[in-house]
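Each chain, written out:
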Amino acid sequence: MFNSLQGRSAVVTGGSKGIGKGIAATFAAAGVDVVITGRNQADVDAAVAELSGKSGTVTGVAADVTSPEDCRRVVATAVERHGALDIVCANAGIFPSGRIEDLTPEDIEEVIGVNFKGTVYIVQAALSALTDSGHGRIVVTSSITGPFTGYPGWSHYGASKAAQLGFIRTAAMELAPKNITINAVLPGNIITEGLVDMGQEYMDQMTAAVPAGRLGTVADIGNAALFFATDEAGYITGQSLVVDGGQILPESQAAIAEQ
Ligand code: NAP
């Protein structure tokens, strides 16, 4: 049985849509008070309205994770509203497609800026508050793409997701004496606004590649993130958990057909 997380305080970046909104919903259902972020104020407001009425409160603040100043403001907001900050979910991310020959320096900077630098900035901003918490938890949303798999058009994206894992291994060592853990969830293909934008053909192709026979839900990722946030997961740090319905396992398409 897990200890209750009722009354804990969390920040979820990119919580206005998709996986982040799912993580916020799971945490709030467990009694965690959550501040969600996103750049678009209207989307933040809509998500806050949608997630109201749960055991924990959900409030929002518009912020861009590529700005260290914005990240500090988000953390200050959570501490002001909840009296502390115990959990940070560094989830905000983008996945624009671009073949290597077409990638501009700006394309590369944008993806690395949001996905990798944005992760580092929110962790930096939260360090003091998470230390004060005495049981700080950081959960990073990485991906199977980069750490385990590749997909044409996502070389820069995959690199940014692998970079997050390189970051958490040393971060875990630096943060352990402060009783802060940092771990990563590596989603497969999860039904989100961002994934739907990829088109039905892409989603059908991905579904066919998953041994479980379905795409993932945001709750699948929320549950994994919640586990890393528990007291019981306090001895786990610097690790990554793949949540993909078995997508990275088949050696070939034939292996899936034969299951
Ligand atoms: P999504 O539906 O497009 O949602 C992305 C969220 O991040 C939105 O709330 C978005 O809000 C926010 N965001 C984007 N850029 C931001 C910035 N610079 N500052 C602050 N917030 C920002 O995407 P998703 O599918 O949920 O993906 C979320 C995370 O999961 C990403 O890190 C992604 O790499 C990872 N992931 C997703 C999948 C999948 O299948 N969906 C698979 C593997 C990994 P604004 O646009 O308003 O800022």
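Residues numbered from 1 in each chain as written. Predicted model: local features only at pLDDT ≥ 70, side-chain atom pairs only at ≥ 80, totals over all residues. Heavy atoms only, no water.

Visitor: Any chance you could break down the packing of helix H3 (residues 68-82) against helix H4 (residues 105-133) for me, citing the residues and the numbers?
Guide: Following both chains from N to C, one finds H3 and H4 inclined at 35°, their axes separated by 8 Å at the closest point. Taken as a pair, H3 and H4 cross one another with a handedness that is right-handed. Contacts between H3 and H4 involve Pro 68, Cys 71, Arg 72, Val 75 and Val 79 from the former and Tyr 121, Ile 122, Ala 125, Ala 126 and Ala 129 from the latter. Of the residues belonging to the contact of H3 with H4, the class tally is nine nonpolar, no polar and one charged. (Axes fitted to C-alpha atoms, helices over the stretch in contact; angles between N-to-C directions. Helix = DSSP H or I, 4+ residues; strand = E, 2+ residues; numbered from the N terminus. Left-handed = near helix turned anticlockwise from the far one by under 90°. Contact = heavy atoms within 4.5 Å. Nonpolar A, V, L, I, M, F, W, Y, C, P; charged D, E, K, R; others polar.)

Visitor: Which residues make up H4, and what are the values?
Guide: In an α-helix, one turn spans 3.6 residues, which is why side chains three or four residues apart end up on the same side. Counted at 1.5 Å a residue, the expected span for H4 with its 29 residues is 42 Å, and the 39 Å between its end C-alpha atoms agrees. The sharpest bend along H4 reaches about 50° and sits at Leu 127. With its phi angle positive at about 85°, Gly 134 sits one or two positions after the end of H4. (Expected span 1.5 Å × (residues − 1). Bend = angle between axes of the 7 residues up to and from the residue.)

Visitor: For the packing of helix H1 (residues 18-29) against helix H8 (residues 218-229), give the residues involved together with the corresponding values.
Guide: Between two packed helices, what matters for the description is the angle formed by their axes and the separation of those axes. The N-to-C vectors of H1 and H8 enclose an angle of 55°; their axes lie 8 Å apart at closest approach. Taken together, H1 and H8 sit at an angle that is classed as oblique. Read as a crossing pair, H1 and H8 show a hand that is right-handed. Residues Gly 18, Ile 19, Gly 22, Ile 23, Thr 26 and Phe 27 of H1 pack against Val 218, Ile 221, Gly 222, Asn 223, Ala 225, Leu 226 and Ala 229 of H8. Along the lines of polarity and charge, the residues of the contact of H1 with H8 split into eight nonpolar, five polar and no charged. (Parallel < 35°, antiparallel > 145°, perpendicular 65-115°, else oblique.)

Visitor: Go over the side chain of Ser 160, please, and point to the residues and values.
Guide: Here Ser 160 is to be found in helix H5 (residues 155-175). Ser 160 has contacts with Val 111, Ile 112, Asn 115 and Phe 116, leaving out every residue within four places of it along the chain.

Visitor: Summarise the packing of aromatic side chains; cite the residues concerned and give the values.
Guide: Evaluation of the coordinates by the stated rule reveals nine aromatic pairs. Consider the rings of Phe 95 and Tyr 157, whose centres lie 5.9 Å apart with planes at 65°: the pair is edge-to-face. Remark: Tyr 157 occurs in helix H5 and Phe 95 occurs in the loop between strand S4 (87-90) and H4; sequence separation between them is 62 residues. A relative accessible area of 29% means that Phe 95 is categorised as partly exposed. A centroid spacing of 5.5 Å and a plane angle of 80° characterise the contact between Tyr 151 and Tyr 202, whose relative ring orientation is edge-to-face. Of this pair, Tyr 151 sits in the loop between strand S5 (137-141) and H5 while Tyr 202 sits in helix H7 (residues 200-208), placing them 51 residues apart in sequence. The exposure class assigned to Tyr 151 is partly exposed, which follows from its relative accessible area of 29%. Classification of Tyr 202 by relative accessible area gives buried; the value is 8%. Through successive ring pairs, a cluster of aromatic residues spans Phe 95, Tyr 151, Trp 154, Tyr 157 and Tyr 202. (Phe/Tyr/Trp six-rings, centres within 6.5 Å; stacked < 30°, edge-to-face > 60°. Buried < 20%, exposed > 50% of the residue type's maximum accessible area, 1.4 Å probe, protein only.)

Visitor: I'd like to hear about the pattern of salt bridges, residue by residue, with values.
Guide: Per the stated rule, a full pass over the model turns up seven salt bridges. One salt bridge connects Glu 193 with Lys 21, and the closest N-O pair in it is separated by 3.8 Å. In this pair, Glu 193 sits in helix H6 (residues 193-196) while Lys 21 sits in helix H1, placing the two residues 172 residues apart along the sequence. Glu 193 sits in the partly exposed class, given a relative accessible area of 33%. Accessibility expressed as a relative area gives 16% for Lys 21, which makes it buried. Members of the salt-bridge network, linked through shared partners, are Lys 21, Glu 50 and Glu 193. (Salt bridge = Lys/Arg side-chain N within 4 Å of Asp/Glu carboxyl O.)

Visitor: Outline the pairing of S4, supporting the account with residue identities and numerical values.
Guide: The side-chain alternation of S4 yields two buried faces, one formed by Ile 87 and Cys 89 and the other by Val 88 and Ala 90. With three bridges joining them, strand S1 (residues 9-12) and S4 adopt parallel strand pairing. Across the sheet, residue Val 12 finds its bridge partner in S4, namely Cys 89. In this region the chain leaves S4, passes through H4 and returns to the parallel neighbour S5; the handedness of that crossover is right-handed. (Pairing = 2+ DSSP bridges. Right-handed = clockwise from strand over helix to strand, strands pointing away.)

Any functional reading would require information beyond the geometric quantities listed.
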